[in-house]
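Structural characterization, general
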Amino acid sequence: MTVSEYIIPGLLVRDRLVAVPLDWSRPDGEGIEVFVREVCDPVRRDEHLPLLAFLQGGPGGKSPRPVNGGPPWLWEAIRTHRVILIDQRGTGRSMRIEGATMERFAGDGEAAADYLLHFRADSIVRDFEHVRKTVYGGERWQTLGQSYGGFLTLTYLSMAPEGLSACYVTGGLAGLTATADEVYRRTFPRVAAKTKRYYERYPEDRGRIGRLADFIAANDVILPDGDRLSVRRLQCAGIDFGMAPGFENIHWLVDEAFSGPAEDRLSDTFLASVMNVTAYDGNPLFVVLQESIYGQGTGATGWAAERVRSEFPEFAETCRPLPFTGEMMFPWMFEEIRSLRPFRAGAMALAARESYGPLYDLSRLAGNEIPVAAAVYFDDMYVDAGLSLETAALVGNVECWVTNEYEHDGVRQSPQVFRRLADMVKARGGPRR
């Protein structure tokens, strides 16, 4: 295990790669490496500090890369903790999965699906436990789970609560028994409400985006990477509406969409920007695994977002003002988006998979003794607040802070979020020892 150590302003950083099996049920089989980054205050480098492991959102998201002043929660946490940033398997420097990875399956969808299932929450938790035991001597650690990281927290509490001393969750208390269909039936109306607020903030965008959609529908619009831009792909940009700067990101994206007063050509700036927003080059697993995170027991997810969308005709691409979609993934994306095409066979097989292993142990969660403090964002566009509160009532020792002060990325916007959750745990006696 090679350790690289260096200092960036205000942070001591240690990087290492840890070997783990691809399939935890076959520890002597194919192996992969998990990337672990440890950060702390340089002046406290030799102190014994409590460990805080960050559970990244996603699925398919790598751990944050520290910069001077960000993310805010990290700079708050290093005042008291040694922070462990692990790239979840298949992301970042942890054997990142991309299109070239899928070439090994030569279009064999079932084999590709079998492989991709090794990158779900249960395997991620086993990786974290292995790191905790082998690198940190088995010392219990606290966890901070953002979004999908909250889903991972519930799996962690189900599988290995003995490794945890306290858990902080931001926008990520998953519905324990909710199917993908139920999730999307709740979140489509939330996206519609966010879109309505967007057009209220930027009323001129009603007409501008409508003209943009009409232009795309009537013309063969080619993006810089060779993909054709469709109206439904443009609608996917609405995934940003649930984040603090999301409205502004989309407004400035479309603000420069047209070149010239005649609006007879789309600008190079817009084409490059909309390509980057909707291409998923940086995190293809986010799209590929999105519905499988709701798969438990029997019953295929079967492209639930596509199926449920048909129940909401107000999301049709012909509607004006143009409706946007959110954190919903559709089968056509694996044909229209270059970075996702190599995953098509595996994604189709995953959607048809009739059986998934369980991710949550309901009886163990009901008897949970590890203190959990959770921020539930009342207007969360991605993780329904109602489902989150239902889960909080089913899991022992959970205290919720329900707020509409922040969007889904509140912990990335203000250090106050992590600070408040830590104080909630302290007020109940602090982390377990």
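Here's a quick rundown of the structure. (Residues numbered from 1 in each chain as written. Predicted model: local features only at pLDDT ≥ 70, side-chain atom pairs only at ≥ 80, totals over all residues. Heavy atoms only, no water.)

On to the pairing of strand E1 (residues 3-8), then. In this sheet, strand E2 (residues 11-21) lies alongside E1 in antiparallel orientation, the contact comprising six bridges. Within E2, the position partnered with isoleucine 8 by the bridge is leucine 11. Between the end of E1 and the start of E2, which pair antiparallel, lie two residues, with glycine 10 showing a positive phi angle near 90°. (Pairing = 2+ DSSP bridges. Helix = DSSP H or I, 4+ residues; strand = E, 2+ residues; numbered from the N terminus.)

Time to look at the layout of surface pockets. Regions of empty space are outlined by a rolling probe, equal in size to a water molecule, passed over the atoms. By volume, the largest pocket amounts to about 880 Å³. Counting only elements with at least two residues in the lining of the largest pocket, the list comes to helix H9 (268-279) and helix H10 (284-288). Ranked by residue count, the leading element in the lining of the largest pocket is H10, at three residues. A volume near 480 Å³ is recorded for the second largest pocket. Lining the second largest pocket are 24 residues, and of these Pro50, His81, Gln142, Tyr168 and Pro431 sit closest to its centre. At the level of elements, helix H1 (72-77), strand E6 (141-146), strand E7 (164-170) and helix H17 (415-427) are the ones that each hand at least two residues to the lining of the second largest pocket. The greatest single-element share of the lining of the second largest pocket, amounting to five residues, is contributed by H17. (1 Å grid on protein atoms, 1.4 Å probe; cavity = no way out; pocket = protein on both sides within 12 Å on 5 of 7 lines; lining within 4 Å. Points joined across faces, edges and corners; volume = space filled by probe spheres on them.)

Moving on, we get to the packing of aromatic side chains. Under the defined criterion, the tally for this structure stands at 24 aromatic pairs. Aromatic side chains tyrosine 168 and phenylalanine 418 sit 5.5 Å apart centroid to centroid with 85° between the ring planes, which places their arrangement in the edge-to-face category. You can see tyrosine 168 sitting in strand E7 and its partner phenylalanine 418 sitting in helix H17, a full 250 residues away along the chain. When its relative accessible area of 2% is taken as the criterion, phenylalanine 418 is described as buried. Ring centres 6.4 Å apart and planes at 90° place the aromatic pair phenylalanine 312 and phenylalanine 315 in the edge-to-face group. Each of the two residues, phenylalanine 312 as well as phenylalanine 315, counts as buried. Site record: aromatic cluster; members linked through ring pairs are Tyr198, Tyr199, Tyr202, Phe241, Phe247 and Phe324. The ring centre of phenylalanine 330 lies 5.2 Å from the NZ or CZ of arginine 309, which sits over that ring. (Phe/Tyr/Trp six-rings, centres within 6.5 Å; stacked < 30°, edge-to-face > 60°. Buried < 20%, exposed > 50% of the residue type's maximum accessible area, 1.4 Å probe, protein only. Lys NZ or Arg CZ within 6 Å of the ring centre and 35° of its normal.)

What follows concerns the nonpolar core. Ranked by internal contacts, the top residues of the largest apolar core, which has 120 residues, are Trp141 and Phe270. Looking at which element gives the most residues to this core, the answer is helix H5 (residues 180-201), with seven residues. Every residue in contact with phenylalanine 270, bar those within four places of it in the chain, is listed here: Leu212, Leu229, Leu234, Leu253, Glu256 and Ala257. (Core = buried A, V, L, I, M, F, W, Y, C linked by side-chain atoms within 4.5 Å. Contact = heavy atoms within 4.5 Å.)

Mapping glutamine 290 onto the fold places it in the loop between H10 and strand E8 (297-298). Overall, glutamine 290 belongs to the buried group, its relative accessible area being 1%. At 3.3 Å, the side chain of glutamine 290 forms a polar contact with the backbone oxygen of phenylalanine 286. With near-sequence residues (within four places) excluded, glutamine 290 lies in contact with Gly58, Pro59, Tyr184, Leu285, Glu327 and Met329. (Polar contact = N/O pair within 3.5 Å; in protein donor to acceptor, adjacent residues only side chain to side chain.)

The next point concerns empty space enclosed by the protein. Taken as a whole and assessed by the stated rule, the structure comprises six cavities of 30 Å³ or more. As for the largest cavity, its lining consists of 16 residues, and the residues nearest its centre are Phe151, Ala174, Gly175, Val183 and Tyr294. Approximately 80 Å³ is the volume attributed to the second largest cavity. Put simply, the parts of the chain that give the lining of the second largest cavity at least two residues each are H10 and helix H13 (344-352). Ranked by residues supplied to the lining of the second largest cavity, first place goes to H13 with three residues. A breakdown of the residues in the lining of the second largest cavity according to their chemical character gives eight nonpolar, three polar and one charged. (Nonpolar A, V, L, I, M, F, W, Y, C, P; charged D, E, K, R; others polar.)

Okay, the pairing of strand E3 (residues 31-40) next. A regular strand places its side chains so that they alternate between the two faces of the sheet. Within E3, eight of the ten residues are buried, which leaves the element mostly enclosed by the surrounding structure. Inspection of the sheet shows E2 paired to E3 by ten bridges, in the antiparallel sense. By the bridge assignment for E3, leucine 17 is matched with phenylalanine 35. Examined bridge by bridge, E3 and strand E5 (residues 82-86) share four bridges and lie antiparallel to one another. Across the sheet, the residue bridging to valine 39 is valine 83, located in E5.

Turning our eyes to something else, we now look at the pattern of salt bridges. Scanning all chains against the criterion turns up 37 salt bridges. The partner of aspartate 205 in a salt bridge is arginine 208, and the shortest N-O contact between them spans 2.6 Å. Remark: arginine 208 and aspartate 205 occur in helix H6 (residues 204-218); sequence separation between them is three residues, near one turn of the helix. Residue aspartate 205 shares its accessibility class with arginine 208, and that shared class is buried. Between aspartate 214 and arginine 320 there is a salt bridge, with its nearest N and O atoms 2.6 Å apart. Taken together, the residues aspartate 214 in helix H6 and arginine 320 in the loop between helix H11 (304-309) and helix H12 (333-336) connect sequence positions 106 residues apart. You can call aspartate 214 partly exposed: its relative accessible area is 43%. Here the salt bridges do not stand alone but share partners, grouping Glu5, Arg14, Arg16, Glu38, Arg45 and Arg82 into one network. (Salt bridge = Lys/Arg side-chain N within 4 Å of Asp/Glu carboxyl O.)

If you walk across this open sheet you meet the nine strands as E1-E2-E3-E5-E4-E6-E7-E10-E11, and the pairing is mixed. The outermost strands of the open sheet, each flanked by one partner alone, are E1 and strand E11 (398-403). The average angle at which neighbouring strand axes cross in this sheet is 20°, direction not considered. Across four bridges, strand E4 (residues 51-55) lies against E5 in parallel orientation. Residue pairing across strands places alanine 53 opposite isoleucine 84, the latter belonging to E5. The sheet strands contacting helix H4 (residues 148-159) are E4, E6, E7 and strand E10 (372-377), and the helix crosses E6 at an angle near 140°. (Axes fitted to C-alpha atoms, helices over the stretch in contact; angles between N-to-C directions.)

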